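Here is what each chain is made of, one letter per residue.
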Amino acid sequence: MGGLSAMTSIRDQFLLLRLLLLFQLLLLDFVYLKSNIVGAAGLSSTTTLTVSSSSSSCIEGERQALLEFKAGLNDTTSGRLSSWIGGDCCRWRGVVCNNMTRHVIKLDLRNQPVYSELTSVDEYYDIDWEAAQKSSLGGKISPSLLKLKHLNYLDLSFNINFQETHIPKFLGSLHNLRYLNLSLSPFTGTIPLQLGNLSRLQYLHLGSSDGGDLTINNLQWLSGLSSSLRYLNMDYVRFTGKSSTGWIQAVTMLPSLSELHLSSCQLSNIPLSISSLHSYAANFTSLLVLELTLNNFSSSIIPPWISNITSLTVLDLSDTDIGGRIPKTLGNLCNLKRLDLSDCKINGGITEYVNSLSMCNSSSRLETLHLGYNYKVSGLIPSSIGNLSSLIELDLSATQLSGPIPTSIGNLSSLIELDLSATQLSGPIPATIRNLSSLRTLDLSNTQITGPIPMSIGGLSSLRTLHLSGTQITGPIPKSIGGLSSLRYLDLSYNQKLDATIPESIGELSELVVLMLTESSLKGVISEGHFKNVKSLKVLYIGSEVPNKPLVFKPSREWIPTFSLETIHMSDLQMGPNFPPWLATQKNLSGITLRNVGISDTIPDSVWNLCARQWIHTLDLSQNQIRGRVPNSLEFFSADTVDLSFNQINGSFPLWSNVSDLNLGTNLFTGQIPQNIGKVLGSGVYALDFSGNFLNGRIPSSICQLPRLTFLGLSNNSLGGELPNCWKDMNELAVLDLGNNNLSGKIPQSIGYLSSLRFLLLSSNNFRGKFPSSLQKCTSLLGLDLSRNGFTGNIPTWIGESLSALSIISLRFNFFTEEIPSQICNLSELHFLDLSHNNLSGLIPQCLGNLSYLESNEAYPTSGFYGEHMMVVTKGIELEYSSTLDLVNSIDLSYNHLWGKIPDGITRLVGLGTLNLSMNHLTGKIPEKIGDLRNLETLDLSTNQLSGEIPPTISSLTFLSHLNLSHNNLSGKIPLSNQIQTIIDADASSSIYSGNSGLCGLPLPNNCPGTNISPPAYDEAKVDGDHQNEEWMDMLCGWVKLNTDGCSLGNPGRAGARGILRDDRAVLISAFSVSLGIKTNYVAEFMALLHGLLRAKEMYVTRLWIECDSMSVVDLIRAGSIPWFVRQQWLGLQPYLLSIFWKISHCFHEANPVADFLAKSAVNSGVSIPWVSDFLASVWSFFSDDAF
């Protein structure tokens, strides 16, 4: 009996031990489910498993298995396995043993990601990949893990240094696994089917990151996990074959699934119904989280079955292209805490959905609502939005929502993030916003919000990010903004109606990291008081949109900031004339922009020392008056962009290494380009701009030793000689701009190797020979400018075949002959064609009306024309275009020997803005449908042999501002319209119709038969050079007349320039008198004109009539042929002349006595008199002879 009793006792103890073990396993399951399953669904859990220390060591066989596993790993940089020594493996880092059995049950070797805070705001983080690599395990995963028979938890995630290329198949033999996490590790290839053997698995995370290369083409293995799997994450795993469309069938075989994450899996189908798949499929009764973002669904509506998953707490369908309205039935999801439908194709309003949330018995539990970037969502924000009392995040950005922000928004007391940016919302910021005491992010940027920033905004003490850029808000900026004690990011940029000073209270924002105040109408003085307690500032952007720099940045010279900037960007304000001394105290700068801030100093050594010491992403000191020299040789530590353009820096060509983008254009650099430029600058440079200097000599062949160069700008210099034949290895060169130099010879054959060339700009040189045949290989070419050279021969037919991408062609002022090739009509993107001033003959190609780009009424950029300069004749004036040339639609075939009729098909080019066919031998009628060119601004058909009547449809050209039909054989009555009348009023002389003896009616003096209309007070004889004009013409209401004159005693000799401006009532407005030194009459006349234009610009004259007694000056201005000695000044005046109505005409010497008298007095006295209004009583007597 004693033995039996003892056996019974032993059996009871064994039973008790089994029960304890079972309880331990159940406890482990419970803890796992609560902490990993429920926690992963977005709920909180504080329960943890504590493994108490024990005097007994781990199982020896398992310890050896772990050591084998360690031996296969590389831990030299992380040291995370340094504790794997000694006999008790249960104490090793990442190893968990069962307290009772001492078996290893958990192996957690995940690499904890380190998040680096971005500069912008503290809510946004990014993984520090460099730190992750240092802490990551490497090597291979050893099969010795199979010896850990009791292992139920394995986490190897985020170890980005693993050398494994595929997920090991043997992991499918760890039959006790309940948790497997291999996410964010560098596995590639196909997910092994053996994972389907893990029948107890509850948690499976194989998610990769953007750019991962894991694939899956068969989902049948998931059926092996059907009884247990609760969490499945395969984000960024590429589903191929049937898996991309049949994924839903596999997923519905997992009845216990509570979380499903399939983001960016290249899924292509989401069915509208799943009721026929499995008995439990229609309900998904356990599903809490459904995340399918970043897939390629093309469903026209949100599938109705989703509204039946009432257990859902998270629904994320963002970036899936799902369309349709937000269904009212989504309001059935009363447990939903997060809804993300952003960046889809949702349309319609949001009112119905927001109102439907009231169908739940209790108040809505919704915490996150993201509907941003649905560009067709429209309507109002309903006031019922204020009923969503649990809302923490609300994102309605980049939609068409309009109307006011409802005052009920103030009811959302739990709101942390509110993003209404890039919408059509208008009206003031509601005062109730003061109630959002938890708000951290407020973004109302790029909206139509009006009115001042409310004073109450200062009460938002939790606010960290305030975006109010690009709105219609007005000043003042409230002083209460200094009360935002948590603010880290403040952006008030691009507010042109702000018209405010910056309050000194902004200096109380001690947590401020980023301050953006550029491109707004700011004024006043910024001093060190504005930064009194700002100690955390890293990024500072300040600038103004108001003319004449009313914003002044003027801290004391002794100021030493308490912050340490990383980026400073100041533009369009007054900071100079000296470089700010405090800038030298900023030792951590990587971005320096001081553009157009009035600095006329030399660049201090501290700037160059900084560049040599550390990485600089931007050094931009452009558009100042910086003088002196720069280091001739300098090795930058590393710089992305260095821009010192538009200054007065002199000296020889500097050689700076380790700079990627170098722009020293429009300065005073002289001398030759160094022969070793390619060797010194190195292979890292990709953009080099030295245009607008005084460089001479030849272009050295070593410039072709810059293989990464994409942009080379050497235009507007005095470079000469032939181009080097060295371009064969410049595979990345996209822009070659050598215009306006003295280059000569033929285009070298190696130019044809520039396979990436998009723009070739060689205008205003002395190149000769036939059209360069080597260009036939430059198939990427978008823009070609060979104007003002000496090219001869025909335009080749292959230009419309091999260069099919061409959108801009300028061949003006050459000697091309023969016909215009019809193949040019094949250029479907062509929108700018200038073949003027050549010797072309034959017919205008009939197919010209087939230029498909110009057939469209939509003006959209095609060529990406940026920064390169090209001369364009528009509205009768030659102007220089750069970035806006992409929007110029023009055909200019003037000054050739073309004959025949104007093709009727040309009227199909409804996108055309300029059509100039003047100075040819065209015959026939003006096309009847000329009025279809409704975007036409310039029409010049003058000096041809056109006949017949002017088509009445010409009156439909409502945008027309320049018209010239003179010197043809036109007849009949001139059609009139409001727009035509405006052109006539601006012309005043009726010269747009002159030389057509058969025309009649206004504005010409000859009446049409059967009419008796008095002619206008002015007539053609008053400005025509063939008639003598000894008195001034009557002025039109609102116009100002400028009379100029220049003279030289000796020609050349002492010269003077003077002029007067008078209004339409003959009242003197202003006058000037300038001594020019030794000049010719010709130069003096041009200088007088330029001085007069500058005065008119300063007086904001918008309707200007110029009269000059030099016929040569008038003819050259009209022809757009500006002499070299005034070209730069003339180009500088073009923005002004483009913005006003103006005309120029000739008057005879006898009709210009006042200006003539003033010019001669300047010569005789040698003294310049500034602008005055009542300056010389002695000239007043001339006004009786010089009357309007």
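What you see as residue numbers is a count from 1 along each chain, following the sequence as written. Note on the predicted model: pLDDT of at least 70 is required for a residue's local features to be given, and 80 or more for side-chain atom pairs to be given and counted; whole-chain, interface and lining totals, by contrast, use all residues. Just so you know, side-chain values use all the structure's heavy atoms and leave hydrogens and water out.

Enquirer: Looking at this structure, I do not really get the overall build of the protein chain. What am I missing?
Expert: Under the scheme used here, helices are H or I runs from DSSP no shorter than 4 residues and strands are E runs no shorter than 2 residues, and both carry numbers assigned from the N terminus. Summing up its helical and strand segments, the protein chain has 12 helices and 74 strands in all. When contacts within the protein chain are restricted to residue pairs at least 6 apart in sequence, those whose partners lie at least 24 apart make up 63%. The Shrake-Rupley method, run with a 1.4 Å probe sphere, supplies the accessible areas, and residue values consider only the shown protein chains as cover. Summed over all atoms, the accessible surface of the protein chain reaches about 48,300 Å², with 51% contributed by carbon and sulfur. Residue contacts are counted whenever heavy atoms from the two residues lie within 4.5 Å of one another.

Enquirer: Looking at this structure, how should I read the pattern of salt bridges?
Expert: Pairing between side chains becomes possible if they bear opposite charge and their charged atoms approach one another. One side-chain nitrogen of Lys or Arg within 4 Å of one carboxyl oxygen of Asp or Glu is enough to make a salt bridge. Counted according to the given criterion, the structure contains 12 salt bridges. Between Glu68 and Lys147 there is a salt bridge, with its nearest N and O atoms 3.0 Å apart. In this pair, Glu68 is assigned in helix H2 (residues 60-71) and Lys147 in the loop between strand S6 (138-139) and strand S7 (153-155), connecting sequence segments 79 residues apart. Burial classification: accessible surface area is computed with a 1.4 Å probe over protein chains only, and a residue below 20% of its type maximum counts as buried, one above 50% as exposed, and the rest as partly exposed. On the basis of relative accessibility, which here comes to 37%, the residue Glu68 falls in the partly exposed class.

Enquirer: What's the story with the sheet that holds strand S10 (residues 188-190) in this structure? I'm lost.
Expert: Sheet strands associate in pairs through backbone hydrogen bonding, adopting either a parallel or an antiparallel arrangement. The sheet built from three strands is open, its strands ordered S10-S12-S14 with parallel pairing. The open sheet terminates on both sides in strands that have one partner only, identified here as S10 and strand S14 (238-239). By this definition, two strands are paired if DSSP reports at least two bridges between them. Pairing analysis gives two bridges linking strand S12 (residues 213-216) to S14, with the strands arranged parallel. Each bridged residue has a counterpart across the sheet, and for Thr215 the counterpart in S14 is Arg238.

Enquirer: What exactly am I supposed to notice about the state of the cysteines here?
Expert: Here a disulfide denotes one covalent bond, and it connects the sulfur atoms of two cysteines. The disulfide criterion used throughout: a pair of cysteine sulfur atoms within 2.5 Å. Tallied over the full model, the rule gives five disulfides. Through a disulfide, Cys704 is tied to Cys726; the S-S separation comes to 1.9 Å. Across the disulfide from Cys704 to Cys726, rotation about the S-S bond amounts to roughly 50°, and the bridge is consequently right-handed. One end of the pair, Cys704, is in the loop between strand S45 (694-697) and strand S46 (711-713); the other, Cys726, is in the loop between strand S47 (718-722) and strand S48 (735-737), with 22 residues separating them in the sequence. Accessibility expressed as a relative area gives 10% for Cys704, which makes it buried.

Enquirer: It is not clear to me how the confidence of the model for the protein chain should be interpreted in this structure. Could you clarify?
Expert: Reading fine detail from the predicted coordinates is not recommended where pLDDT is low. On a scale of 0 to 100, pLDDT captures the predictor's confidence in every residue. Chain-level statistics for the protein chain give a pLDDT mean of 83 and a share of 83% at 70 or above. Across residues 118-125 the pLDDT falls below 50, and counting only partners more than four positions away or on other chains, this stretch makes 25 contacts in the model.

Enquirer: Is there a simple way to think about the side chain of His831 in this case?
Expert: Relative to the elements of secondary structure, His831 occurs in the loop between strand S55 (815-818) and strand S56 (832-834). Think of a polar contact as two N or O atoms within 3.5 Å of one another; within protein, one of them needs to be a possible hydrogen donor and the other a possible acceptor, and neighboring residues in sequence only count if both atoms come from side chains. In terms of polar contacts, His831 uses its side chain to reach the side chain of Asn889, at 3.4 Å.

Enquirer: In this structure, what is going on with unusual backbone geometry? I would like to understand it.
Expert: What you tend to see is this: most non-glycine residues have negative phi, and most peptide bonds are trans. Looking along the chain, the bond that leaves Gly475 and enters Pro476 is cis, with omega of 0°. Considering the arrangement of structural elements, one finds Pro476 in the loop between strand S30 (472-474) and strand S31 (489-491). Here Gly576 and Pro577 are connected by a cis peptide whose omega angle stands at 15°. Mapped onto the secondary structure, Pro577 falls in the loop between strand S37 (567-571) and strand S38 (591-595). Positive phi, close to 55°, is recorded for Asn446, a residue that is not glycine. On the secondary structure map, Asn446 appears in the loop between strand S27 (441-443) and strand S28 (448-452).

Enquirer: What am I meant to see in the packing of helix H9 (residues 1081-1098) against helix H10 (residues 1111-1119) here?
Expert: How two helices sit against one another is set out by the angle between their axes and by the gap between those axes. The convention used is that axes are lines fitted to C-alpha atoms, helices contributing only their stretch in contact, and that angles between N-to-C directions extend from 0 to 180 degrees. The interhelical angle for the contact between H9 and H10, taken along N-to-C directions, is 60°, at an axis separation of 10 Å. As summarised for this structure, H9 and H10 are arranged oblique, according to the angle between their axes. As for the relative orientation of H9 and H10, their crossing is right-handed in sense. Along its contact with H9, which presents Tyr1082, Glu1085, Phe1086 and Leu1089, the element H10 presents Ser1112, Val1113, Leu1116 and Ile1117. For the contact of H9 with H10, the per-class residue count stands at six nonpolar, one polar and one charged. Note that the term roughly parallel is reserved for angles under 35 degrees, roughly antiparallel for angles over 145, roughly perpendicular for angles of 65 to 115, and oblique for everything else. Left-handed describes a crossing whose near helix is turned anticlockwise from the far helix by less than a right angle; the clockwise case is right-handed. Side-chain classes follow a simple rule in which Ala, Val, Leu, Ile, Met, Phe, Trp, Tyr, Cys and Pro form the nonpolar group, Asp, Glu, Lys and Arg form the charged group, and the remainder, Gly included, forms the polar group.

Enquirer: So what exactly am I meant to see when it comes to the pairing of strand S40 (residues 633-643) here?
Expert: Successive side chains on a regular strand alternate, one facing one side of the sheet and the next facing the other. Both strand S39 (residues 615-620) and S40 contribute to a ladder of five bridges, which runs parallel. By the bridge assignment, Ile616 is partnered in S40 with Ala639. Relative to strand S42 (residues 655-663), S40 runs parallel, the two being bridged by seven bridges. Opposite Val642, over in S42, you have Leu662 as the bridge partner.

Enquirer: Sorry, what's going on with the nonpolar core here?
Expert: In globular proteins that are soluble, nonpolar side chains generally tend to be buried together. In plain words, nonpolar cores are sets of buried Ala, Val, Leu, Ile, Met, Phe, Trp, Tyr and Cys residues tied together by side-chain atoms within 4.5 Å. Core analysis: the largest hydrophobic core is formed by 267 residues, its most contacted members being Trp247, Phe531, Met570, Leu594, Trp656 and Trp727. Ignoring anything within four residues of it in the chain, the contact list for Trp247 reads Leu219, Phe239, Lys242, Leu260, Leu262, Leu267, Asn269, Ile270, Leu292 and Phe297. Grouped together as the second largest cluster of nonpolar side chains are 34 residues, Leu1042, Val1074, Ala1088 and Trp1142 included.

Enquirer: Before we go on, may I ask you to explain the environment of Gly1092 in this structure?
Expert: Assignment of secondary structure puts Gly1092 in helix H9. When residues no more than four places from it in sequence are discounted, the contact partners of Gly1092 are Leu1042 and Phe1072.

Enquirer: How do you make sense of the pairing of strand S57 (residues 839-842) when you look at a structure like this?
Expert: The alternating pattern of S57 places Leu840 and Gly842 on a buried face, while none of Asn839 and Ser841, on the opposite face, is buried. Sheet topology places S55 next to S57; two bridges connect them, and they run parallel. Note on S57: the bridge partner recorded for Glu818 is Leu840. With two bridges connecting them, S57 and strand S61 (residues 897-900) associate as parallel partners. Bridge pairing in S61 places Gly842 opposite Leu898.

Enquirer: In this structure, what is going on with the packing of aromatic side chains? I would like to understand it.
Expert: Aromatic ring pairs are described here by two measures, namely the spacing of the ring centres and the angle between the planes. Aromatic pairing here means that ring centres of Phe, Tyr or Trp (its six-membered ring) are within 6.5 Å. Orientation follows from the plane angle: under 30 degrees is stacked, over 60 is edge-to-face, and everything else is tilted. As enumerated under the stated definition, the model contains 22 aromatic pairs in all. On the basis of an interplanar angle of 50° and a centroid distance of 5.7 Å, the ring pair of Phe636 and Trp656 is categorised as tilted. Taken as a pair, Phe636 in strand S40 and Trp656 in strand S42 lie far apart in primary sequence, 20 residues in all. Here the two residues Phe636 and Trp656 agree in accessibility, since each one is buried. Aromatic pair Phe791 and Phe816: ring centres 6.3 Å apart, planes at 5°, arrangement stacked. Of this pair, Phe791 sits in strand S53 (residues 790-794) while Phe816 sits in strand S55, placing them 25 residues apart in sequence. Under the relative-accessibility criterion, Phe791 is labelled buried at 0%.

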